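Below, each chain spelled out in residue letters.
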Amino acid sequence: MRTYFLNFWQGLYTILIGMKVTFRHLFIPAVTIQYPSVKPQMPERERNRLYVNMDDCIGCDQCARACPVNCIEIETVKSIPGEDLGTTSNGKKKALWVTTFNIDFAKCCYCQLCVFPCPTECIYMTDVYEFSEFQRENLVFDFVTLLPEERIQKKKNFEELQAKKEAEKIAAAKKLAEEKAAAQAKPIEPKPDNPGNPDNKEETK
Amino acid sequence: MALKTEEMVLNMGPQHPSTHGVLRLELQIDGEIIIDVVPHIGYLHRCFEKHAEAMTYPQVIPYTDRMDYLASMYNEFGYALAMERLMKIEVPERVEYIRVIMGELQRIASHLVALGTYGADIGAFTPFLFCFRDRERILHLFEITCGARLLYNYIWIGGLSHDLHPDFIRLTKEFIKDFRPNVKELNELLSYNRIFIERTANVGLLPLETAINYGVTGPNLRASGMKWDLRKDDPYSVYHKFDYDIPIGKGEKGKTGDCWDRYYVRVLEMEESLKIIEQAIEQIPDGDVTSAIPKRVKPPEGQIYTRVENPRGELGYFIISDGSINPARVKVRAPSFVTMQVFPELCKGFMIADVVAILGSVDIVLGEIDR
Amino acid sequence: MMYDWLYSLTGSEILAMFIVSLLPLFVFILPFALFAVLMERKVSAHMQDRLGPMRTGYHGILQTIADIFKLLQKEDLVPTATDKMLFNLAPLLAFIGSYAAFAVIPFSGFFIGTKIDLGIIFIVGVTGLVVAGILMAGWASNNKYSLLGAMRAAAQIISYEIPTLLIILTIIMLTGTLSLYDLSEMQTAYFWNWLILGGPAVGLQKILLIPFMILGCLIIYTSTLAEVNRTPFDIPEAESELVSGYHTEYSGMKFAMFFLAEYANMFAVSAVVAVLFFGGYQSPFGYLGNLLGWKWLIPIEQFSWFTSKGLFFVFVQMWLRWTLPRFRVDQLMAFCWKYLIPFSFVILLLVGLISLM
């Protein structure tokens, strides 16, 4: 019997305490902000969309290898001698043309593992987080600054150089083989008792 | 003449507002009483263990984050600890202290989600928002340190990715000061509410023998009465330097091991974590957090099993290395997976409406179960 | 009074009757239902430290109009295997049951639908139609979970009508009248005359009645909360429980009818509690119109007092919803039959004894 009344009293009492808490919260100002008109401030180490500064990229492929989901695609082309690609901001001379540098942001997991191995700090995370697209293909970002014709040109240049080098190598090898063959061969002298030799006039008498 | 009743099979499908993730429960019921529950898992399986065999050791860390996404710091902590023991790396003390601070903050955040969603399942919508408001402050602390709010990639093999932000300690102290009254408020609103106690006391009883037999660990085991915590019984990192208590369930509002105990143990654990964080902030030494990170992670051949105390129980990593830069096998012992084994035992004999209450109180995360 | 004035204005009985019955509906209840939806969202938001609707209109005032437009243009899905007539009739019944109760509620001394002698019993009888509507909705949905939900809702509403009726009987016994207009007139002049503080009785009788009146008010407030299916008794409409509610299969305007019927029902029961215990439309201090000598001001003042009392009780209902968790079904029934009904019987007996003094 006693628990009966105790239950009733406890029920009433705890409900009133709960109501007091909620009533107090009516007068506490809201902790939310109204998003599209007011945007929150991003901290400085924030991890959002990546950006690659192509002037500094030396094409070392470290970031592509560090990525756990393989979202960075890099293709490089060696430069032909005599071309000047410029230097990176910390003084290194660049030796490779980067013809493809695609990052697929649909795959990127924003883990920041690509930022740390970069020797020139050209890939880093910006504070852009509102970049949704309607089509999945639009999320593949191409960071290379060369024009498409230039890329084809650089590739062709390199291939031509390769072909020339190949041709030179083959020519040099052939010449070497010929010289070797020439050095080993003896001079051939006509034999005196060679019948049928038109120089041999005594025989035809 | 007795009324003939027959059993019915009811399906709480993969999409349900109360199962915490995609979990399918097949209930065999007789009227309103449950006879058997068969959980069907695997809806969130993402082949973590197979992926890990194709990645290098540092690349596995973003994958470990995504297993138990509510307690990412602890997943990384366990993995980094296992690798450091395998490679015999000594990390600087500052790294250990920061890892402990991050781990305990993560524990508070994870328990806030558990408590908030439990209240929302029972029908009280307001504590859910209060818990998430506090959790936002913790996520802000994580955000200024490593840049992400949920999946951090912060604890690396041999150290950390960034040192603490200059504002971190000040903001953490403010958070602790603001958080203690909020826990008291949560108790007033939810824990001691008579209706909540009616819903959760004496429901879903887990006797201590059953819990030990099934291998349940974490707050679920502590609520059944046993004082077992890996931070005190098998200490790792610098946990032996702090002074804190292990709360257990005492059967205050019903029998020991019911849903109310499991809920209340989590509330008390949040307070203990606050104590640990306060002591760690006082004692933290200076140092360089990246000095012990190896350039190439190539462990010697061998295998190792390490366990840490996740907010949900004992998280174990078993790593087999064959000397190359990819692991040969990474196996994870997830605590929620073990808890799902004991779930049918908890539900037998109770009503359908209690299934929701019991599921919320054991606090599972499907990412951990399915990996 | 309204009827007499309109009769004198138009000269036709039918027209006067027609306008009198429609007036509470359009002037008050529909705007209230619109306002209540917004109020619920704003109150819940501010209790949870957030803002609620802010973008439609100034601070979200036009939100309900947007909701109405949305519900109007939704496709009206009727599942094929249902009983069409019952399916279409169910929301109408629920709607009618809630709105017809407003015909006898005294908004002010001048503005009442009709002044029939059966006041309260009419309200209790007509709100019983809601149960029929709910059962029809559950059955006609051809969905076993809707049926289970509807049966639970029906069991809940029927059980909780008993304490309501018992407390109403107590008030009737004490005051001797069923008409809500007479009840309001009885609690006139000063808040000391309100029934919750003992009513127009005098002396020892009045003091003795006070604790029972307060307890009776709590009981009737709780049981009417269960009748309108609000938390903590909202098993029929809870989404996180296993069975979905009786209105799962409804979409578009029919769902809007269930929805609006719920808010109107909330106001109806708050109004009944206000009339029974808190003086109806009477002001606690006397009228400004009397003070200034402007007789026409009094009905307006009475209307505003009544509305504020009704709105206050609606606010308390919303406050309870956002504070408390939900009861389980068997606990809900145990609460009614083991706690509320014994207390109501005891109050009935004791108040009866006291009123004999």
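Right, let's walk through the structure included here. (Residues numbered from 1 in each chain as written. Chains lettered and ligands numbered in written order. Predicted model: local features only at pLDDT ≥ 70, side-chain atom pairs only at ≥ 80, totals over all residues. Heavy atoms only, no water.)

## Structural notes on the overall build of chain B
Then comes step 1: Helices and strands together make up the secondary structure of chain B, namely 14 helices and 8 strands.
Then comes step 2: Summarising its shape, the C-alpha atoms of chain B cover approximately 80 × 45 × 35 Å along the three principal directions.
Then comes step 3: Split into buried and exposed, the 371 residues of chain B put 63% on the buried side.
Then comes step 4: The long-range share in chain B, meaning contacts at least 24 apart out of those at least 6 apart in sequence, stands at 72%.
Then comes step 5: Summing over all exposed atoms, chain B offers an accessible surface of approximately 13200 Å²; the carbon and sulfur share of this is 54%.
Then comes step 6: Of the charged side chains in chain B, 42 are positive and 52 negative, and the gap between their average positions amounts to 2 Å. (Helix = DSSP H or I, 4+ residues; strand = E, 2+ residues; numbered from the N terminus. Buried < 20%, exposed > 50% of the residue type's maximum accessible area, 1.4 Å probe, protein only. Contact = heavy atoms within 4.5 Å. Areas by Shrake-Rupley, 256 points an atom, 1.4 Å probe, with all protein chains shown as cover. Lys, Arg positive; Asp, Glu negative; His and termini not counted. Charge placed at Lys NZ, Arg CZ, Asp CG, Glu CD.)

## Observations regarding the overall build of chain A
Then comes step 1: When helices and strands are counted, chain A shows 3 helices and 5 strands.
Then comes step 2: In chain A, the succession of α and β elements from N to C terminus is α-β-α-β-β-β-β-α.
Then comes step 3: Restricting to contacts in chain A with at least 6 residues of sequence separation, those with at least 24 account for 74%.

## Side note on the interface of chain B and chain C
Then comes step 1: Residue-level contacts link 29 residues of chain B with 20 residues of chain C.
Then comes step 2: The junction of chain B with chain C conceals about 2300 Å² of combined surface from both sides, 59% of it contributed by carbon and sulfur atoms.
Then comes step 3: D354(B) serves as the salt-bridge partner of R328(C), at 2.7 Å between the closest nitrogen and oxygen.
Then comes step 4: Summed over the shared surface of chain B and chain C, the number is 6 residue pairs in polar contact (both at pLDDT 80 or more). (Buried area = accessible area lost by both parts, 1.4 Å probe. Salt bridge = Lys/Arg side-chain N within 4 Å of Asp/Glu carboxyl O. Polar contact = N/O pair within 3.5 Å; in protein donor to acceptor, adjacent residues only side chain to side chain.)

## Some remarks on the side chain of D354(B)
Then comes step 1: Topologically, D354(B) is positioned in helix α13 (residues 352-362).
Then comes step 2: Since its relative accessible area comes to 2%, D354(B) is described here as buried.
Then comes step 3: A polar atom in the side chain of D354(B) sits 2.7 Å from the side chain of R328(C).
Then comes step 4: With residues near it in sequence (within four places) discarded, D354(B) still touches R199(B), V203(B) and R328(C).

## Notes on the interface of chain B and chain A
Quoted interface sizes are often the accessible area lost when the parts come together.
Then comes step 1: Listed as interface residues are 31 residues of chain B and, on the opposing side, 28 residues of chain A.
Then comes step 2: Contact between chain B and chain A buries roughly 2300 Å² in total, counting both sides, with carbon and sulfur atoms accounting for 55%.
Then comes step 3: Considering only the side of chain B, the residues that lose the most area to chain A are Q59(B), E188(B) and R194(B), jointly responsible for 22% of the buried surface there.
Then comes step 4: For the pair chain B and chain A, the number of links is 1 salt bridge.
Then comes step 5: Close ionic contact of R24(A) with E185(B) constitutes a salt bridge, the shortest N to O distance being 2.4 Å.
Then comes step 6: Take the side of chain B that touches chain A: its biggest share by element is 7 residues, from helix α5 (residues 126-146) of chain B.
Then comes step 7: A per-class count over the side of chain B that touches chain A returns 15 nonpolar, 9 polar and 7 charged. (Nonpolar A, V, L, I, M, F, W, Y, C, P; charged D, E, K, R; others polar.)

## Re the environment of L208(C)
Residue and element names in this part refer to chain C.
Then comes step 1: Tracing the chain through its elements places L208 in helix α8 (residues 204-227).
Then comes step 2: With a relative accessible area of 36%, L208 lands in the partly exposed category.
Then comes step 3: Sequence separation between L208 and K84 is 124 residues; the distance between their C-alpha atoms is 56 Å.
Then comes step 4: Dropping the residues within four chain positions of it, L208 is found in contact with I354 and M357.

## Section: the nonpolar core
Then comes step 1: Among the nonpolar cores identified, the biggest contains 120 residues, and L27(B), Y79(B), M83(B), L105(B), Y154(B) and F343(B) are the most heavily contacted of them.
Then comes step 2: Among the elements that make up this core, the one with the highest residue count is helix α4 (residues 93-122) of chain B (13 residues).
Then comes step 3: Here Y79(B) is in contact with Y57(B), V60(B), I61(B), T64(B), I157(B), Y317(B) and I319(B), once residues within four sequence places are set aside.
Then comes step 4: Within the second largest apolar cluster, 84 residues are counted, among which are I29(C), F306(C), L320(C) and I354(C). (Core = buried A, V, L, I, M, F, W, Y, C linked by side-chain atoms within 4.5 Å.)

## Some remarks on the pattern of salt bridges
Residue and element names in this part refer to chain B.
Then comes step 1: Evaluation of the coordinates by the stated rule reveals 44 salt bridges over all chains.
Then comes step 2: A salt bridge links E314 to R307, with the shortest nitrogen-to-oxygen separation between them at 3.5 Å.
Then comes step 3: You can call E314 buried: its relative accessible area is 9%.
Then comes step 4: Overlapping salt bridges, with partners in common, bring together E104, R107, R222, D229, R231, E269 and E309 in one network.

## Thoughts on helix α3 (residues 72-87) of chain B
Residues and elements named next belong to chain B.
Then comes step 1: The first and last C-alpha atoms of α3 sit 23 Å apart over 16 residues, in line with the 22 Å expected at 1.5 Å per residue.
Then comes step 2: Most of α3 sits out of view: 15 of its 16 residues are buried.
Then comes step 3: Directly after α3, the chain includes K88, whose backbone phi takes a positive value near 55°. (Expected span 1.5 Å × (residues − 1).)

## Overview of the packing of α8(C) against helix α9 (residues 253-277) of chain C
All names here are of chain C.
Then comes step 1: The geometry of α8 relative to α9 is characterised by a closest axis approach of 10 Å and an angle of 170° between their N-to-C directions. Here α8 is positioned roughly antiparallel relative to α9, judged by the angle of their axes. In this structure, α8 contributes M213, G216, C217, I220, Y221 and T224 to the contact, and α9 contributes V269, V273, L276 and F277.
Then comes step 2: When grouped by side-chain class, the residues that make up the contact of α8 with α9 number 8 nonpolar, 2 polar and no charged. (Axes fitted to C-alpha atoms, helices over the stretch in contact; angles between N-to-C directions. Parallel < 35°, antiparallel > 145°, perpendicular 65-115°, else oblique.)

## Regarding the pairing of strand β8 (residues 329-333) of chain B
Residue and element names in this part refer to chain B.
Then comes step 1: Because side chains alternate across β8, one face comprises the buried residues V330 and V332, and the other comprises R329, K331 and R333, none of which is buried.
Then comes step 2: Bridging between strand β7 (residues 313-321) and β8 involves 5 bridges; their strand directions are antiparallel. In the strand pairing of β8, I320 is matched with R329. (Pairing = 2+ DSSP bridges.)

## Notes on a nonpolar patch on the surface
All names here are of chain C.
Then comes step 1: Among the surface-exposed residues, Y58, I61, L62, I65, F69, L72 and M253 lie close enough to one another that they form a single nonpolar patch of about 750 Å² accessible area.
Then comes step 2: In terms of residue count, helix α3 (residues 63-72) provides more of the nonpolar patch than any other element does, 3 residues in total.
Then comes step 3: As for its position among the elements, M253 is in helix α9. (Patch = residues over 30% accessible without salt bridge, like charges linked within 9 Å, V, L, I, M, F, W, Y side chains within 5 Å.)

## A few points about the sheet that holds strand β5 (residues 140-142) of chain A
Residues and elements named next belong to chain A.
Then comes step 1: Within the open sheet, the 3 strands sit side by side as β2-β3-β5. Their pairing is antiparallel. Single-partner strands in this sheet number two, and they are β2 (72-78) and β5. The mean angle between the axes of side-by-side strands here comes to 15°, regardless of whether they run parallel or antiparallel.
Then comes step 2: Note: strand β3 (residues 96-104) against β5, 3 bridges, orientation antiparallel. Bridge pairing links D104 to V140 in β5.
Then comes step 3: Taken strand by strand, helix α3 (residues 148-184) contacts β2, β3 and β5, and its axis lies near 50° from that of β2.

## Quick word on unusual backbone geometry
Residues and elements named next belong to chain C.
Then comes step 1: In this structure, D49 is a non-glycine residue whose phi angle is positive, near 65°.
Then comes step 2: Not every positive phi belongs to a glycine, and H59 is a case in point at roughly 55°.
Then comes step 3: The topology assignment puts H59 in the loop between α2 (13-47) and α3.
Then comes step 4: For H59, a relative accessible area of 38% puts it in the partly exposed group.

## Examining the packing of aromatic side chains
Here the distance between the centres and the angle between the planes together describe a pair of aromatic rings.
Residues and elements named next belong to chain B.
Then comes step 1: Tallying each qualifying case throughout the model produces 55 aromatic pairs over all chains.
Then comes step 2: On the numbers, 6.0 Å between centres and 40° between planes, the contact of Y118 with Y263 is tilted. With Y118 in helix α4 and Y263 in helix α11 (residues 259-283), this residue pair connects regions lying 145 residues apart in the sequence. In terms of burial, Y118 and Y263 fall into one category: buried.
Then comes step 3: Its guanidinium or amino end placed over the ring of Y244, K232 lies 4.1 Å from that ring's centre, counting from NZ or CZ.
Then comes step 4: The cationic tip of R371 hangs over the ring face of F337; the distance from NZ or CZ to the ring centre is 5.8 Å. (Phe/Tyr/Trp six-rings, centres within 6.5 Å; stacked < 30°, edge-to-face > 60°. Lys NZ or Arg CZ within 6 Å of the ring centre and 35° of its normal.)

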